[in-house]
Amino acid sequence: MNSRIVLEATWIGFLSGMVMALFLGMMQNVTGHQVYTLLLNVDYIPIMKEYHFPESIEVLFHLIVSVILCIILAIIYSKSERIPKKRIIYFSLIVNVVIGLLLYPTTSFSERTPSITSISAWFWWTAAHVIFGVLVGILLRSRIK
């Protein structure tokens, strides 16, 4: 594994993860939908749900996941012959929207997060994953390969 790719992907994951957190934080403040809370929520993880973490630690958990995801995407992108440079944005967008759609139902495991039937919360959640996916794709395209 190329250490430059890991370093670049770490930076991309941190930056993109912060943009996503800030976006969802703003949307929660503006709309009242608990989408930022959902981003930081770990109530669905058996051992983690027993603890109350400060927001800074929850953000750190989110950033760790973001960095890991970006490292995986960067490695796939750098090793793949099937993902042309101009298609990485679409690839990243699709992967991240699918992840967002798969994670949204975890809202049903917590009292603090939006209702699973909230179309508005689902919209902002999905919009954040679109922004994240496009940003990751743009940064991967410009920094990797």
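Shown above is the structure to which this text applies.
An account of the accompanying structure is given in this report.

Criteria and cut-off values
- Residues numbered from 1 in each chain as written.
- Predicted model: local features only at pLDDT ≥ 70, side-chain atom pairs only at ≥ 80, totals over all residues.
- Heavy atoms only, no water.
- Helix = DSSP H or I, 4+ residues; strand = E, 2+ residues; numbered from the N terminus.
- Expected span 1.5 Å × (residues − 1).
- Polar contact = N/O pair within 3.5 Å; in protein donor to acceptor, adjacent residues only side chain to side chain.
- Core = buried A, V, L, I, M, F, W, Y, C linked by side-chain atoms within 4.5 Å.
- Buried < 20%, exposed > 50% of the residue type's maximum accessible area, 1.4 Å probe, protein only.
- Contact = heavy atoms within 4.5 Å.

All right, on to helix α1 (residues 3–31) then. With 29 residues, α1 should cover 42 Å at 1.5 Å per step; its first-to-last C-alpha distance of 41 Å lies within 8% of that length. The N-cap of α1, judged by a side-chain oxygen 2.8 Å from the amide nitrogen of R4 a few residues on, is N2. At the exit of α1 stands G32, carrying a positive phi of roughly 85°.

Looking now at the nonpolar core. With 35 residues, the main nonpolar core has L24, L39, V136 and L140 as its most contacted residues. The set of elements that each furnish at least two residues to this core consists of α1, α2 (35–40), α3 (55–79), α4 (88–103) and α5 (119–143). Looking at this core, the element that brings in the most residues is α3, giving nine residues. Sequence-distant contacts of V136, that is, excluding residues within four places in its chain, are made with I12, S16, C70, L73 and S92.

Counting through the fold element by element, S66 comes out in helix α3. At 2.6 Å, the side chain of S66 and the backbone oxygen of G13 are in polar contact. Excluding its chain neighbours within four sequence positions, the residues that come into contact with S66 are G13, G17 and F132.

The next subject is α4. Taking 1.5 Å per residue as the helical rise, α4 with its 16 residues ought to reach 22 Å, and the 22 Å between its terminal C-alpha atoms agrees with that figure. On its buried face, α4 sits against α3 and α5.

Keep in mind these values describe shape, not function.
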